[in-house]
Amino acid sequence: MKRLRVLLVDDEIMIREGFKRLFDWEAHDCEVVGEAADGMEALAKIDTLRPDIAIMDINIPIMNGLKVIQLARIKHPDTAFVIVSGYDDFSYCREALRLQITDYILKPVNYEEFGTCIDNLKIALFQRRIPARENQQEERTIEGITRYLQEHLAEEISLSVLAEEFHLSGQYISQLFKSEIGVNFLAYLTNIRMENAKKLLLSTSLSVADISERSGYGDYRVFTKVFKKAEGVTPSQYRRDFLEEAKNFRD
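Below is a summary of the structure that appears in this document. (Residues numbered from 1 in each chain as written. Predicted model: local features only at pLDDT ≥ 70, side-chain atom pairs only at ≥ 80, totals over all residues. Heavy atoms only, no water.)

## Topic: a nonpolar patch on the surface
Right, so step 1: Together, Leu202, Phe242 and Leu243 make up an exposed nonpolar region whose accessible area comes to about 260 Å².
Right, so step 2: You can see Leu243 is positioned in helix α12 (residues 235–250).
Right, so step 3: Given a relative accessible area of 52%, Leu243 falls into the exposed group. (Patch = residues over 30% accessible without salt bridge, like charges linked within 9 Å, V, L, I, M, F, W, Y side chains within 5 Å. Areas by Shrake-Rupley, 256 points an atom, 1.4 Å probe, with all protein chains shown as cover. Salt bridge = Lys/Arg side-chain N within 4 Å of Asp/Glu carboxyl O. Helix = DSSP H or I, 4+ residues; strand = E, 2+ residues; numbered from the N terminus. Buried < 20%, exposed > 50% of the residue type's maximum accessible area, 1.4 Å probe, protein only.)

Take a look at the structure:
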């Protein structure tokens, strides 16, 4: 997998230096290719550098980060944006969701949380690149494996199960995830299970136990623990927060 190109956008040089020095970009198959201190410079750098990811503050001079994203989307729809901001405000979060921001992280940055965000982003970028193959017989191995995972999400899945299904060694499949997607097998599986769980929590009235089973966790207590580690709240709280925010928005 090629290294992802990253642009850092923040008017505070210490924040940008912190990102460069305190986060291990190489370990996450990324490289910082540029920086910007205001909105106009950010737009220019996005045009010239064509980053895969832009790490964007909201409160920057000349043009705020949300406006930069809105304009950049017109010419560069494939660029992924992660907001890192000191504003814990639902109106900003709502606008970020409307602009399809990959993630919204609060300052001061927890770099372990940020690393998870980057890994999840790599998974999302990989899934976006998978071409439609409805009329093609051949399919790349990694695409076949990831498609199998989506179709058998509620079942017990392990490297040994995949090895038997695809007639490959578990070690080879493990290396395939790292080389093709940039994350290990377990991180990928956990990500798609959590995404499935979040969708069910917000779009159905299923119990947490039912959602746990449909997401591949026979023990809902294990599911709750994994979900809280990934999202920072329990599944029940995640659902309650969404319903409360939706109610406030309607009011």
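On we go from here.
## Here we look at the side chain of Arg16
Right, so step 1: If you trace the backbone, Arg16 turns up in helix α1 (residues 13–22).
Right, so step 2: For Arg16, a relative accessible area of 11% gives the class buried.

## Some thoughts on unusual backbone geometry
Right, so step 1: In this structure, Arg50 takes a positive phi of about 50° despite not being glycine.
Right, so step 2: In this structure Arg50 comes out as exposed when scored by relative accessible area, which is 54%.
Right, so step 3: Not every positive phi belongs to a glycine, and His167 is a case in point at roughly 55°.

## Regarding helix α3 (residues 65–75)
Right, so step 1: Looking at α3, one finds that the buried residues are Gly65, Leu66, Val68, Ile69 and Ala72. Each buried residue of α3 sits inside an arc of 150° when the element is viewed along its axis, so together they form one side.
Right, so step 2: Between the side-chain oxygen of the N-cap and the backbone nitrogen of Leu66 there are 3.0 Å, and the N-cap of α3 in question is Asn64. (Arc of directions from axis to C-beta. Polar contact = N/O pair within 3.5 Å; in protein donor to acceptor, adjacent residues only side chain to side chain.)

## Topic: the pairing of strand β4 (residues 80–85)
Two faces, one strand: in a regular strand the side chains alternate between the faces of the sheet.
Right, so step 1: Counting buried positions over the six residues of β4 gives six, a clear majority of the element.
Right, so step 2: Here β4 shows two buried faces, one formed by Ala80, Val82 and Val84 and the other by Phe81, Ile83 and Ser85.
Right, so step 3: Crossover strand β3 (residues 53–56) to β4 through α3 is right-handed.
Right, so step 4: Relative to strand β5 (residues 103–106), β4 is paired through four bridges, and the arrangement is parallel. Looking at β5, one finds that Val84 is bridged to Ile105. (Right-handed = clockwise from strand over helix to strand, strands pointing away. Pairing = 2+ DSSP bridges.)

## As for the packing of aromatic side chains
Ring pairs (aromatic) are described by centroid distance and by the angle formed between their planes.
Right, so step 1: Taken as a whole and assessed by the stated rule, the structure comprises 13 aromatic pairs.
Right, so step 2: Relative to Phe114, the ring of Phe23 has its centre 4.9 Å away and its plane inclined at 80°; by these criteria the two rings are edge-to-face. Highlighted residues: Phe23 in the loop between α1 and β2 (30–36) and Phe114 in helix α5 (residues 111–129), separated in sequence by 91 residues. For the pair formed by Phe23 and Phe114, the shared burial category is buried.
Right, so step 3: Taken together through their ring pairs, the aromatic side chains of Phe19, Phe23, Trp25, Tyr111 and Phe114 make up a single cluster.
Right, so step 4: Against the face of Tyr217 rests Arg193, its NZ or CZ located 5.4 Å from the ring centre. (Phe/Tyr/Trp six-rings, centres within 6.5 Å; stacked < 30°, edge-to-face > 60°. Lys NZ or Arg CZ within 6 Å of the ring centre and 35° of its normal.)

## What about the environment of Ile58?
Right, so step 1: Tracing the sequence through the fold places Ile58 in the loop between β3 and α3.
Right, so step 2: Judged by its relative accessible area of 2%, Ile58 is buried.
Right, so step 3: Linking Ile58 and Ser85, residues 27 residues apart in sequence, is a C-alpha distance of 6.1 Å.

## A word on the pattern of salt bridges
Right, so step 1: The final tally for this structure, using the stated rule, is 14 salt bridges.
Right, so step 2: Residues Arg21 and Glu17 are paired through a salt bridge, measuring 3.2 Å at the closest nitrogen-oxygen approach. Of the two residues, Arg21 and Glu17 both sit in helix α1, four residues apart, roughly one turn of that helix.
Right, so step 3: Across the pair Asp119 and Lys122 runs a salt bridge whose closest N-O atoms are separated by 3.3 Å. You can see Asp119 and its partner Lys122 sitting in helix α5, three residues apart, about one turn around the helix.
Right, so step 4: Three or more residues joined by partner-sharing salt bridges are found here, namely Arg16, Glu17, Lys20, Arg21 and Glu35.

## Re the environment of Phe242
Right, so step 1: If you trace the backbone, Phe242 turns up in helix α12.
Right, so step 2: Judged by its relative accessible area of 36%, Phe242 is partly exposed.
Right, so step 3: Separated by 41 residues in sequence, Phe242 and Leu201 place their C-alpha atoms 9.4 Å apart.

## Quick notes on the environment of Lys107
Right, so step 1: Topologically, Lys107 is positioned in the loop between β5 and α5.
Right, so step 2: A C-alpha to C-alpha distance of 5.6 Å links Lys107 and Ser85, two positions 22 residues apart in sequence.
Right, so step 3: Residues within four places of Lys107 in sequence aside, it is in contact with Asp10, Ile15, Asp57, Val84, Ser85 and Gly86. (Contact = heavy atoms within 4.5 Å.)

## Some remarks on the packing of helix α2 (residues 39–49) against α3
For any two helices packed against each other, one specifies the inter-axial angle together with the distance between the axes.
Right, so step 1: The N-to-C vectors of α2 and α3 enclose an angle of 20°; their axes lie 10 Å apart at closest approach. Taken together, the axes of α2 and α3 lie roughly parallel to each other. Taken as a pair, α2 and α3 cross one another with a handedness that is right-handed. Judged by residue contacts, Gly39, Ala42, Leu43, Ile46 and Asp47 of α2 engage Val68, Leu71, Ala72 and Lys75 from α3.
Right, so step 2: In terms of residue class, the contact of α2 with α3 is made up of six nonpolar, one polar and two charged. (Axes fitted to C-alpha atoms, helices over the stretch in contact; angles between N-to-C directions. Parallel < 35°, antiparallel > 145°, perpendicular 65-115°, else oblique. Left-handed = near helix turned anticlockwise from the far one by under 90°. Nonpolar A, V, L, I, M, F, W, Y, C, P; charged D, E, K, R; others polar.)

Function cannot be read off these values alone, since they describe shape.
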